[in-house]
Amino acid sequence: MALAAAVVLALLIAAILLGYQYWSDKQTEDARVDAVDAAGRQSVAMLSYDFNTVDAELPKAEDGLTGDFKDQYKTLIDQAIIPGAKEKQLTVKVTVQGGSVVSASRDKVTTLLFLNQATTSKDTPQAVISGSRVRVDLEKHDGRWLVSSLTPV
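Residues numbered from 1 in each chain as written. Predicted model: local features only at pLDDT ≥ 70, side-chain atom pairs only at ≥ 80, totals over all residues. Heavy atoms only, no water.

**Comments concerning unusual backbone geometry**
Heads up, the condition is: In this text, helices come from DSSP runs of H or I with a minimum length of four residues, and strands from runs of E with a minimum of two, each type numbered from the N-terminal end.
If you check the backbone angles, glutamine 89 has positive phi at about 50° while not being a glycine. Of note in the backbone geometry, aspartate 142 takes a positive phi value of approximately 50° without being a glycine. Mapped onto the fold, aspartate 142 is located in the loop between strand S4 (128–141) and strand S5 (144–152).

In structure tokens form, the structure reads like this:
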């Protein structure tokens, strides 16, 4: 009787551990998919602007940022990007060409995005197209993926 109880207990513990592992793996896989999508949307919001509406466009992107990076981004757009965009009449349109996951856990993901950027200005009205790669680190806060860093690579 004690042997049967021990076997049942061992099977129950094994089932709980396997269930937890499945749940954890599923959470990480969901994070991988959701974070790449969020990284793409947020990168476009942070990097695309029109000189006519740059004052309204770029500050909205701050909502998708977190930590010191949020403060650094605000300083950068206020002191350099917005004044420069207005002065040079810059319009920048960014599109995501592809993205992948570098590393992932349930609440932190590092992605690699391939971006195309079309830039026009008063001096160069014909769009100049350039490509770039950026590493985007994200953290999950209150169910939302927020960018904690964006680094050109």
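Having seen the model, we can carry on.
**Observations regarding the packing of helix H2 (residues 54–61) against helix H3 (residues 67–88)**
Two quantities define a packed helix pair, namely the angle between the axes and the distance from one axis to the other. Selection criterion: What counts as an axis is a line fitted to C-alpha atoms, over the stretch in contact for a helix, and the angles between N-to-C directions run from 0 to 180 degrees. Comment on the angle field: the value is read as roughly parallel under 35 degrees, roughly antiparallel over 145, roughly perpendicular from 65 to 115, and oblique elsewhere. Each crossing is labelled by how the near helix is turned from the far one, with a counterclockwise turn of less than a right angle marking it left-handed and a clockwise turn marking it right-handed. Residue contacts follow a heavy-atom distance rule, with two residues in contact if any of their heavy atoms lie within 4.5 Å. Each residue is assigned to one class: nonpolar for Ala, Val, Leu, Ile, Met, Phe, Trp, Tyr, Cys and Pro, charged for Asp, Glu, Lys and Arg, and polar for all the others, Gly among them.
Between H2 and H3, the least distance of the axes is 10 Å, while the angle of their chain directions is 155°. Relative to H3, H2 is oriented roughly antiparallel. Between H2 and H3 the crossing geometry is right-handed. Residue-level contacts link Val54, Asp55, Leu58, Pro59 and Ala61 of H2 to Tyr73, Ile77, Ile81, Ile82, Ala85 and Lys86 of H3. Taken together, the residues that form the contact of H2 with H3 break down as nine nonpolar, no polar and two charged.

**Some words on the pattern of salt bridges**
The following threshold applies: Only one rule defines a salt bridge in this text: a Lys or Arg side-chain nitrogen within 4 Å of an Asp or Glu carboxyl oxygen. Partly exposed residues are those whose accessible area sits between 20% and 50% of the maximum for their type, while under 20% is buried and over 50% is exposed, using a 1.4 Å probe and protein chains only.
A complete count under the given rule lists five salt bridges for this structure. Between aspartate 78 and lysine 74 there is a salt bridge; the shortest N-O distance is 2.9 Å. Linking aspartate 78 with lysine 74, this pair stays in helix H3, spanning four residues, or about one helical turn. With its nearest N and O atoms 3.1 Å apart, the salt bridge here joins arginine 135 to aspartate 137. Residue arginine 135 is classed as partly exposed on the basis of its relative accessible area, which comes to 38%.

**Description of the nonpolar core**
Across soluble globular proteins, nonpolar side chains show a tendency to be buried alongside one another. Applicable threshold: To qualify as a nonpolar core, a set must consist of buried Ala, Val, Leu, Ile, Met, Phe, Trp, Tyr and Cys residues joined through side-chain atoms within 4.5 Å.
Counting 27 residues, the largest nonpolar core has Met46, Tyr49, Leu58, Tyr73, Val136 and Leu138 as the members making the most contacts within it. Counting only elements with at least two residues in this core, the list comes to helix H1 (2–47), H2, H3, strand S2 (91–104), strand S3 (108–120), S4 and S5. The element that contributes the greatest number of residues to this core is H3, accounting for five residues. Once residues lying within four places of it in the same chain are set aside, the contact partners of leucine 138 are Ala35, Ala38, Ala39, Asp107, Lys108, Val109, Thr111, Trp145, Leu146, Val147 and Ser148.

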